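A structural walkthrough
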Amino acid sequence: MNKWYRSAPCKGALVVLEHIFAAVLVVSLFWLLSYPAANLDDVVFTKKEYEDSQTFETRFLSAANEVAWSQPLLKEFETDGAFDENKLVDLEAYNDKNIITGENQSGIAYHLGDLMKWGERGVVSEEDTRGNIVVCKREDGTYHYYYADEFRELVEKKEIQFSALLNDQLKEEWGIQDEEDVLNHLFAGAQSEMSRNMVDKDRKIIYTNCWIYDGVEMAEEYAPDGAENILEIVNNNPKWNGKLARVMEMLSYTVESISATVNECQNSAEVWSEGNTNFTYLIVDLESKTIYTNREAYQNFDSWKANVESITESGKYTVVTPKLADFKTNTGMSATTWKTIDGNLSSENHICVFAVDTKYPIQDSFYQEYQQYNRYTSLSSVVAVTMILGGIGFVVCLIWLTVIAGRNNREEGISLMFVDRIKTEIFLAIAGGVLVLALIASVAMVKEVVSVFDVQSMSSYLTYGESIAYSTLAMTVGITPYKLLFLTMAAVLDCAAGLFLWLGMARRIKARTLWENSLLKVLAEFTKLIFSHMNLIWKTVLAFGGFVLCQLLVILWYSSSYYMEGGFVFLLIFFVDLIMFVYLTYSAIGRERIKRGVETIAGGQVDFQIPLEGLKGEQLKVAQAINQIGDGLENAVEQSMKNERMKTDLITNVSHDIKTPLTSIINYVELLKRENFEDPKVQNYLKVLEEKSQRLKTLTEDVVEASKVSSGNIKLEMMNLNLVELINQTCAELEEKFEARNLTLLVKVPDEPVIINADGRRMWRVLANIFNNAAKYAMQGTRVYADLKRTGDEVGFTLKNISEQALNITADELTERFIRGDMSRSTEGSGLGLSIAKNLMELQGGSFELYLDGDLFKVVVRMKCVV
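Here is what the cut-offs are and how they apply
- Residues numbered from 1 in each chain as written.
- Predicted model: local features only at pLDDT ≥ 70, side-chain atom pairs only at ≥ 80, totals over all residues.
- Heavy atoms only, no water.
- Helix = DSSP H or I, 4+ residues; strand = E, 2+ residues; numbered from the N terminus.
- Buried < 20%, exposed > 50% of the residue type's maximum accessible area, 1.4 Å probe, protein only.
- Areas by Shrake-Rupley, 256 points an atom, 1.4 Å probe, with all protein chains shown as cover.
- Expected span 1.5 Å × (residues − 1).
- Bend = angle between axes of the 7 residues up to and from the residue.
- Polar contact = N/O pair within 3.5 Å; in protein donor to acceptor, adjacent residues only side chain to side chain.
- Salt bridge = Lys/Arg side-chain N within 4 Å of Asp/Glu carboxyl O.
- Phe/Tyr/Trp six-rings, centres within 6.5 Å; stacked < 30°, edge-to-face > 60°.
- Lys NZ or Arg CZ within 6 Å of the ring centre and 35° of its normal.
- Contact = heavy atoms within 4.5 Å.
- Pairing = 2+ DSSP bridges.
- Axes fitted to C-alpha atoms, helices over the stretch in contact; angles between N-to-C directions.
- pLDDT = per-residue confidence, 0-100.
- Parallel < 35°, antiparallel > 145°, perpendicular 65-115°, else oblique.
- Left-handed = near helix turned anticlockwise from the far one by under 90°.
- Nonpolar A, V, L, I, M, F, W, Y, C, P; charged D, E, K, R; others polar.
- Core = buried A, V, L, I, M, F, W, Y, C linked by side-chain atoms within 4.5 Å.
- Patch = residues over 30% accessible without salt bridge, like charges linked within 9 Å, V, L, I, M, F, W, Y side chains within 5 Å.

Looking only at helices and strands, the chain features 27 helices and 22 strands. Here the chain holds 867 residues, and 38% of them are scored as buried. When the accessible surface of the chain is totalled, it reaches about 49,200 Å², and 56% of it is carbon and sulfur.

This brings us to helix α14 (residues 365–404). Because an α-helix completes one turn every 3.6 residues, residues spaced three or four positions apart along the sequence face the same direction. Compared with the 58 Å implied by 1.5 Å per residue over 40 residues, the 54 Å span of α14 between its first and last C-alpha is a close match. The sharpest bend along α14 measures roughly 45° and falls at Ser 380. The opening residue of α14, the one whose side-chain oxygen lies 3.3 Å from the backbone nitrogen of Phe 366, is Asp 364.

Here we take up the pattern of salt bridges. As enumerated under the stated definition, the model contains twelve salt bridges in all. Lys 239 is paired through a salt bridge with Glu 92; the nearest N and O atoms lie 2.8 Å apart. Of this pair, Lys 239 sits in the loop between α10 (230–236) and α11 (244–271) while Glu 92 sits in helix α4 (residues 91–97), and the two are 147 residues apart along the sequence. Residue classification places Lys 239 among the partly exposed positions, given a relative accessible area of 37%. Taken together, the shared-partner salt bridges connect Glu 516, Lys 521 and Glu 525 into one network.

All told, the structure shown has 24 aromatic pairs when counted by the stated rule. Taking the centre distance of 6.3 Å and the plane angle of 55° together, the rings of Tyr 50 and Tyr 360 count as tilted. Placement of the pair is Tyr 50 in the loop between α2 (40–44) and α3 (54–76) and Tyr 360 in the loop between β15 (350–356) and α14, with a sequence separation of 310 residues. For the pair formed by Tyr 50 and Tyr 360, the shared burial category is buried. The ring centre of Tyr 851 lies 5.0 Å from the NZ or CZ of Lys 858, which sits over that ring.

Buried residues of helix α5 (residues 112–121): Leu 112, Gly 113, Asp 114, Leu 115, Met 116 and Trp 118, and no others. Turning to α5, the residues buried within the fold contact β2 (82–83), β3 (88–90), β4 (109–111) and α11. Just downstream of α5, Gly 122 is the residue with a positive phi angle, here 100°.

Moving on, we come to the sheet that holds strand β10 (residues 209–212). The strand order across the open sheet formed by three strands is β6-β5-β10, and the pairing between neighbours is antiparallel. The sheet is open, and its two borders are formed by β6 (143–147) and β10, each paired with just one other strand. Sheet twist, expressed as the mean angle between neighbouring strand axes with direction ignored, is 20°. Examined bridge by bridge, strand β5 (residues 133–137) and β6 share five bridges and lie antiparallel to one another. By the bridge assignment, Val 135 is partnered in β6 with Tyr 145. Each of β5, β6 and β10 touches helix α7 (residues 148–156); the most contacted strand, β6, lies at about 100° to it.

All right, on to the confidence of the model for the chain then. This prediction gives the chain a mean pLDDT of 78; 75% of its residues lie at or above 70. Within the model, the stretch residues 452–477 combines pLDDT values under 50 with 42 contacts to residues more than four positions away or in other chains. Confidence over residues 823–827 falls short of pLDDT 50; this stretch has eight contacts with residues more than four positions distant or in other chains.

We now examine the environment of Lys 483. Position of Lys 483 among the secondary structure elements: in helix α17 (residues 481–510). Separated by 38 residues in the primary sequence, Lys 483 and Met 445 have C-alpha atoms spaced 8.6 Å apart.

This brings us to the environment of Trp 502. If you trace the backbone, Trp 502 turns up in helix α17. Once the C-alpha coordinates of Trp 502 and Ala 405 are considered, the two residues, 97 residues apart in sequence, prove to be 9.8 Å apart. For Trp 502, the residues in contact, after removing those within four places along its chain, are Leu 398 and Thr 402.

Turning our eyes to something else, we now look at unusual backbone geometry. In this structure, Asn 98 is a non-glycine residue whose phi angle is positive, near 60°. With respect to the helices, strands and loops of the structure, Asn 98 is situated in the loop between α4 and β4.

Axis separation between helix α1 (residues 8–33) and α14 bottoms out at 7 Å; the angle between their running directions is 150°. Between α1 and α14, the crossing angle belongs to the class labelled roughly antiparallel. Every pair of crossing elements has a handedness; the one defined by α1 and α14 is left-handed. Split into classes, the residues belonging to the contact of α1 with α14 amount to 22 nonpolar, six polar and two charged.

So, on to the nonpolar core. Ranked by internal contacts, the top residues of the largest apolar core, which has 39 residues, are Met 763, Phe 771, Phe 797 and Phe 848. Put simply, the parts of the chain that give this core at least two residues each are α23 (723–733), β18 (755–759), α25 (760–777), β19 (783–791), β20 (794–802), α27 (833–843), β21 (847–853) and β22 (856–864). The element that contributes the greatest number of residues to this core is α25, accounting for seven residues. When sequence neighbours within four positions are dropped, the list of residues in contact with Phe 771 reads Ile 727, Thr 730, Cys 731, Leu 734, Phe 738, Leu 745, Ala 786, Phe 797 and Leu 799.

Moving on, we get to the packing of α5 against α11. Two elements in contact, α5 and α11, have axes separated by 8 Å at closest approach and are oriented at 90°. By the angle between their axes, α5 is roughly perpendicular relative to α11. Where α5 approaches α11, its residues Leu 112, Leu 115, Met 116, Trp 118, Gly 119 and Glu 120 are matched on the opposing element by Leu 251, Thr 254, Val 255, Ile 258, Ser 259, Val 262 and Asn 263. When the residues that make up the contact of α5 with α11 are grouped by side-chain class, the tally is eight nonpolar, four polar and one charged.

All right, on to the environment of Arg 196 then. The topology assignment puts Arg 196 in the loop between α9 (179–187) and β8 (198–199). Counting along the chain gives twelve residues from Arg 196 to Thr 208, while the straight-line C-alpha distance between them is 5.5 Å. Discounting residues that sit within four places of it in the chain, Arg 196 has contacts with Ser 163, Thr 208 and Asn 209.

Strand order in the open sheet formed by three strands is β7-β8-β9, with antiparallel pairing between adjacent strands. Two strands in the sheet have a free side with no partner beyond their single neighbour: β7 (161–162) and β9 (205–207). Pairing of β7 with β8 involves two bridges; the strand directions are antiparallel. Considered in β8, the bridge of Gln 161 is made with Val 199.

Attention shifts here to a nonpolar patch on the surface. On the surface, Val 385, Ile 388, Leu 389, Ile 392 and Val 396 cluster together to form a nonpolar patch covering roughly 450 Å² of accessible area. With respect to the element layout, Leu 389 can be found in helix α14.

Shown next as structure tokens:
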């Protein structure tokens, strides 16, 4: 039958369709994701109007939060409604409370204009100014700070001196000559003991220790209020004495924060100013009776209620009040969502009104997003359906290709390609590398397509209005033919690489070669081979390890002895490698010759002799031993075949020659019994003849049975048997024999069935032979114990009795043929019962064991249970 669905043309069509569906899926998905909307569901499925969409609500809330944060904050930088560069910024108040008081309350303050200029020029890092300040500690625990140049000048003028320079012993101990030596050590941060106990001109101690300041440090661009520099303040103001690090940290934070905050607030005010936006805001601070708004008509505080009503008459609006009960909005957002505005306001008693004129008379960010939203909405449903259909087609084709991978319509089974014969790990490396390269190339193509600003990564540097502008630019990018080509190429490239890997692995899994054809399996087998033959190859391993170690030592020695000539070392390494190569070559030749000889002898050519020329050492001894084994095998095979023929002929001839007259004897005994002789002697003779003939018949059958069992020339019919039932049946059939010899049989078996897999007739023969053996040779008047126990998945049957005759032989001898428990051979046994039982158990996958302890005779039979 022509199975067209897995033919080559069908596979080719599926591969082409798979790439087409992948391109459709990627292009459609990219088109949908290229719209920077807060919720694509509004655009694609629900078809909401822009003013009711989450996109609008998110933009509306963000604009309100920015205004609520920036406009009140901008007032702090103003005086009488204008930006005041001379306004004082107290460092402590700004750092602790983030407020601008306009006064120097803590003793350290800067003018707002200076901080702005300082921030625009950039804060100099501490690494650039490290070591510029010297700290000196007085005896009373206070500190005095010097700039490095100032400190050096005072030392050179000897207005302050190092006490160490006044002590000849210390000068000799530390190896210093003058002030320059001590200053060099001081500014290098070493031997601080030299700078202890500085004195003035009168040699009075003024500082107990001096060191270089190692905390946060800034290059001072502008002077603080009321002082020439920071050191003047920390030296003269007790509050800040000893706290230079704290002052520097506050200054660094204030410079960076003030500059960034002012710029953001001013940019925000420009974006949301009247005439530039459709967005209207009115923030009424009821405590300070202050109005924040971008409309000139709403500046009057007394008219704020009427202004609120006016704002809410058109477009979308929200009125945020201290109490949720007074909250009003005609958007879909809840009051709790708008409560985030409270965190941006300094006053708790306020009224905030925000509105957007939905007629969009001004072409601001709201207008541009409105236009873009409508354009996307008109096409989004078609693109979404196309994307879904492309995804379904992609999955269907992939499943189809996976199912028929490795199959064709000409033959059954798995047909592997040339690439499938490569080791699994190598294939994964190649296919994975191709896929990675394809992904890298596709990422580069997508980057070419997405050639817009990354708004998210720039959010910390942009105002909200600038972010809107960049988002608008992103929305207007669209999918041009040029970019469509790039996206299609990226999708096709990734799809091709992915199919190469996916289908290759599918074929290997189906053919079961994923592990079989792997390097890991080779490594595992090689490792197993090494450990299993370690006793044979340990010398080779040590020799090779020693060779490698010597080579490494030579290389290391050469690398350390740079004065040696390189040619000598390389010549030495080459000579050692050559010796090792010759040795391994001869060793490999010898091993191969021995291997072929062993394979030839194992194949049946036992007279084959391995050539000994060229073999040395252990290989020569092994080859000679194998040749001797071949000679011995040839003789042993010939002798074994001769013995086997003799044994077969003997058993065949004897059994045939005995059976013919034996049958006649038995028949004539039967005829004589019918004559009804009255003479007791004649009847006794007939009885003896009948017993002996039957015994001879049994012996003949046992001999033939033993021969068949030992040679394995029997056919087993395996089935599930209840061993408990079989034991009970055997005990019942042989009960009369045990009673005849006054033997008490004690049987202990489980109540539940014990199932084994065995030949029923042969298993009964095993049990019958065991019980018959006990009935024949156990001491009269004793007990015979039969016990069946199950341990896990194994069952064991034990039979124990006391022997009537002394057992002067071993347990192994008892299982040999024609060996009997009574050496006088006065009983009717043939000596084959236990031998037959043992062989039958081994043929059925079980075990047969005998134990002798004085006169105690014990048989143990074990087999696997069937669960």
